[in-house]
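Below are the chains, spelled out letter by letter.
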Amino acid sequence: MSGQTAEKLAYMANQIARNMVHDEAPVASVADHIVSFWTPRMIDTLLAEGAGALDPVAAEAMARIAAGRIPPPQTRATDPAVHGSDAG
């Protein structure tokens, strides 16, 4: 997808955030809306673009979406919270 498309997606995410800023949990509302109504390709495009063009609420919503895409540990043996991480 082109940069213009990523710009449009950022604009759309910011619009959603502005419309939900007064919700009880605006970040969760924005994340829920995006996951419910956007295609995975749209989400991937905006995640690849980064948060630079996003309002704070939209940026946090996208961070939550990105974090939710990390698969949880399959067993205690693969859970870094239990055993620590050897990465880095």
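That block above? That's the structure.
Model, not experiment: these values are computed from the prediction.

Participant: Please set out helix α4 (residues 56–68) residue by residue, giving values where relevant.
Facilitator: Counted at 1.5 Å a residue, the expected span for α4 with its 13 residues is 18 Å, and the 18 Å between its end C-alpha atoms agrees. Among all positions in α4, only Val57, Ala58, Ala59, Ala61, Met62 and Ile65 are buried.

Participant: Hey, could you go over the nonpolar core for me, with residue numbers and the actual values?
Facilitator: Counting 21 residues, the largest nonpolar core has Ala13, Val30, Ile34, Trp38, Leu46, Leu54 and Met62 as its most contacted members. Those elements giving two or more residues to this core turn out to be α1 (3–20), α2 (26–37), α3 (40–49) and α4. Discounting residues that sit within four places of it in the chain, Leu46 has contacts with Ala6, Leu9, Ala10, Ala13, Trp38, Leu54 and Met62.

Participant: Give a detailed account of the environment of Asp55, specifying residues and quantitative values.
Facilitator: Relative to the assigned elements, Asp55 resides in the loop between α3 and α4. With residues up to four places along the chain from it excluded, the contact list for Asp55 reads Asn14 and Arg18. A distance of 3.4 Å separates a polar atom in the side chain of Asp55 from a polar atom in the side chain of Arg18.

Rules of the game
Residues numbered from 1 in each chain as written. Predicted model: local features only at pLDDT ≥ 70, side-chain atom pairs only at ≥ 80, totals over all residues. Heavy atoms only, no water. Helix = DSSP H or I, 4+ residues; strand = E, 2+ residues; numbered from the N terminus. Expected span 1.5 Å × (residues − 1). Buried < 20%, exposed > 50% of the residue type's maximum accessible area, 1.4 Å probe, protein only. Core = buried A, V, L, I, M, F, W, Y, C linked by side-chain atoms within 4.5 Å. Contact = heavy atoms within 4.5 Å. Polar contact = N/O pair within 3.5 Å; in protein donor to acceptor, adjacent residues only side chain to side chain.

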